[in-house]
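Remarks on the overall topology
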Amino acid sequence: MVKICCLGAGYVGGPTMAVIALKCPSVEVVVVDISVARIAAWNSDQLPIYEPGLDDVVKKCRGRNLFFSTEIEKHIGQADIVFVSVNTPTKTRGLGAGMAADLTYWESAARMIADVAKSDKIVVEKSTVPVKTAEAIEKILIHNSKGINFQILSNPEFLAEGTAIQDLFNPDRVLIGGRETPEGKKAVQALKQVYANWVPEDRIITTNLWSAELSKLAANAFLAQRISSVNAISALCEATGADVAEVAYSVGKDTRIGPKFLSASVGFGGSCFQKDILSLVYICECNGLPEVASYWKDVIKVNDYQKSRFVNRVVSSMFNTVSEKKIAVLGFAFKKDTGDTRETPAIDVCKGLLGDKAKISIYDPQVSEEQIQRDLALKKFDWDHPVHLQPTSPTAVKQVTVTWDAYEATKGAHGVCILTEWDEFRKLDYVKIYENMQKPAFIFDGRNVIDPQKLRKIGFIVFSIGKPL
Ligand code: NAD
Ligand code: UGA
């Protein structure tokens with residue numbers, strides 16, 4: 001029986017390993033983490049992350065060939081293949097702060113593997129890492145190996161949150177990079193065999209290590225670039241009377257461009273797009289490629305512009321001040337079907353409105369008050385670092401209330417901002433909401449989920465991204 005151990009029971013490690021366990025009954029999979037609370041949650045009925053379909057998969061395999069444990073050393077020791085799926089956030093201090101990937105967690109994972117390994121192992125980079133990281137990991141492992149043979153593979157993950165299980169069941173591709181030596185090729189084949197249990201062979205791509213590492217950063221940069229492109233056009237739509245949905249549809253009909261990932265929004269969020277582009281920019285700068293760095297940096301600049309443009313629109317429309325006005329925020333997660341708030345545009349929008357002294361009332365079907373208060377109190381880039389490393393301890397933001405009901409959040413509000421495209425926001429009773437709001441009642445749709453014409457008929461003053469005013 002092949003034994004797999006995965007370090008890091010997060011948004012990637014948990015679902016990915018659960019699906020491997022489901023699809024490969026003859027493989028034993030143990031997911032380990034330094035967070036005792038996270039492992040306890042994976043072993044409970046209340047999983048630590050909300051992801052459609054995940055509960056089902058975990059229920060089918062947990063205790064059979066899927067295990068969650070804090071006994072990191074023991075399980076690394078027993079594994080043939082060790083996946084490393086720890087967080088790789090943006091550095092907050094020192095060289096490359098605010099841009100470079102922080103590989104502290106990765107390095108400590110590698111040292112731990114070298115320390116406790118007693119047999120040969122394939123070590124798989126699942127985390128998104130800077131190109132050439134495998135070289136550094138190899139050095140750590142080989143110099144501490146005590147004669148044990150390690151093969152490093154890059155196997156980046158392409159799942160998106162909210163559709164993780166679907167993406168894992170039916171991936172566009174699985175990418176495996178390895179050394180082009182006989183041992184490297186053998187390791188690539190071993191990992192390929194695991195995926196071949198459910199992924200068609202022609203979707204399993206094998207490359208050299210550096211191509212695999214760089215492809216992941218490039219894919220995220222391309223995806224984010226599409227959103228910044230359509231968001232940049234949305235600003236021009238608002239200035240000219242064009243409708244961004246019509247423009248995106250017409251542009252996307254060109255088969256060379258394609259229709260996906262062209263929804264204008266208040267800005268992209270999530271734990272990876274910004275972090276990975278910043279990492280790419282830093283790598284370009286380190287390699288003496290300032291023009292390439294600046295090209296990708298602009299994707300983030302446009303994203304920041306889109307968020308601040310949204311805040312400015314809210315404030316300027318509401319007679320240039322939101323001081324002491326109640327603004328209801330519908331949706332705080334960075335996209336629908338997840339409770340994840342990492343780098344959500346809602347944080348920047350709320351902070352912008354708070355800066356103008358608004359009183360904010362937030363409703364999100366999956367995000368707790370504790371999480372929202374923590375997010376609004378944290379500094380940029382600190383959110384993905386463990387609490388003990390954070391220089392400031394979060395304090396509750398007093399101008400913010402959180403409810404579990406959209407009608408409660410909007411009651412008595414001067415304005416409503418829709419910041420996540422939850423399906424339920426399309427079906428709310430907007431007549432009821434309008435009746436309970438201050439007049440004039442404003443609505444700012446950062447996700448284009450509502451029909452502006454219908455809401456205008458009710459009496460709202462409506463602003464939608466990239467739509468005629
Ligand atoms: P996460 O923060 O949810 O999970 C990482 C986990 O690693 C945490 O639970 C942390 O406690 C644990 N950890 C840290 N150091 C450890 C160690 N030494 N030993 C054991 N556990 C340790 O992060 P995530 O969202 O799962 O992302 C992980 C990696 O995958 C990142 O590099 C990210 O860029 C990449 N990625 C994420 C997504 C996504 O949708 N979230 C998709 C593709 C790739
Ligand atoms: C993204 C990629 O889609 C995954 O392939 C990748 O594996 C992952 O990052 C990662 O490396 O972490 P994720 O961030 O989970 O996945 O979700 P996306 O669906 O990509 O959405 C990211 C952000 O872009 C969200 O805020 C979303 O609302 C926004 N978005 C997306 C738009 O504003 N418009 C769109 O057309 C699409």
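The name given to the protein chain in an unreviewed UniProt entry is UDP-glucose 6-dehydrogenase, with the source organism recorded as Musa acuminata subsp. malaccensis. Check the Catalytic activity (unreviewed entry) section of the UniProt entry for the protein chain; it says "UDP-alpha-D-glucose + 2 NAD(+) + H2O = UDP-alpha-D-glucuronate + 2 NADH + 3 H(+)". The heading Function (unreviewed entry) in the UniProt record of the protein chain holds the text "Involved in the biosynthesis of UDP-glucuronic acid (UDP-GlcA), providing nucleotide sugars for cell-wall polymers."

**Observations concerning the site of ligand 2**
Among the 20 residues in the neighbourhood of ligand 2, the closest are listed as Leu159, Ser265, Cys272, Phe334 and Arg447. Within the backbone of Glu157, a nitrogen or oxygen atom sits 3.4 Å from an oxygen atom of ligand 2. Lys335 is positioned such that a nitrogen or oxygen atom in its side chain is 2.8 Å from an oxygen atom of ligand 2. Here ligand 2 loses 89% of its free accessible area of 690 Å² to cover by the protein chains. Residue contributions to the shell around ligand 2 peak at 4 residues, all from helix 9 (residues 209–240). Of the residues in the shell around ligand 2, the class split is 11 nonpolar, 4 polar and 5 charged.

**A word on the site of ligand 1**
Near ligand 1, the surroundings consist of 25 residues, among which Asp33, Arg38, Thr88, Glu161 and Lys275 are the closest. Between an oxygen atom of ligand 1 and a main-chain N or O atom of Val12, the distance comes to 2.9 Å. A distance of 2.9 Å separates an oxygen atom of ligand 1 from a polar atom in the backbone of Thr128. Across the complex, the protein chains shield 92% of the 830 Å² of accessible surface that ligand 1 would expose by itself.

**Side note on the UniProt feature "active site" (unreviewed entry) in the protein chain**
In the numbering used here, UniProt assigns the feature "active site" (unreviewed entry) to Cys272. With respect to the helices and strands, Cys272 occurs in the loop between helix 10 (244–252) and helix 11 (273–286). Since its relative accessible area comes to 27%, Cys272 is described here as partly exposed. Excluding anything up to four places from it in sequence, Cys272 contacts Asn220 and Ile277.

Rules used throughout
- Throughout this document, residue positions are counted from 1 along each chain, in the order its sequence is written.
- Numbering of ligands from 1 and lettering of chains from A proceed in the order in which they are written.
- Owing to the predicted nature of the model, reporting of local features is limited to residues with pLDDT of at least 70; listing and counting of side-chain atom pairs is limited to 80 or more, with chain, interface and lining totals taken over all residues.
- In computing side-chain values, all of the structure's heavy atoms are included and hydrogens and water are not.
- UniProt positions are given in the numbering used here, feature names are shortened, and annotations may be inferred rather than shown by experiment.
- In this text, near means that some heavy atom of the residue lies within 4 Å of the molecule or strand in question.
- Pairing of N or O atoms within 3.5 Å defines a polar contact, subject to two protein rules: one partner must be a possible hydrogen donor and the other a possible acceptor, and residues neighboring in sequence count only if both atoms are side-chain atoms.
- Per-residue accessibility takes into account occlusion by the displayed protein chains alone, with areas from the Shrake-Rupley method and a 1.4 Å probe.
- Each helix is a run of DSSP H or I of at least 4 residues and each strand a run of E of at least 2, with the numbering of both proceeding from the N terminus.
- Gly falls in the polar group here, along with every residue not listed as nonpolar (Ala, Val, Leu, Ile, Met, Phe, Trp, Tyr, Cys, Pro) or charged (Asp, Glu, Lys, Arg).
- Think of it in three bands: residues with accessible area under 20% of the maximum for their type are buried, residues over 50% are exposed, and the middle band is partly exposed, with areas taken using a 1.4 Å probe on protein chains only.
- Residue contacts are counted whenever heavy atoms from the two residues lie within 4.5 Å of one another.

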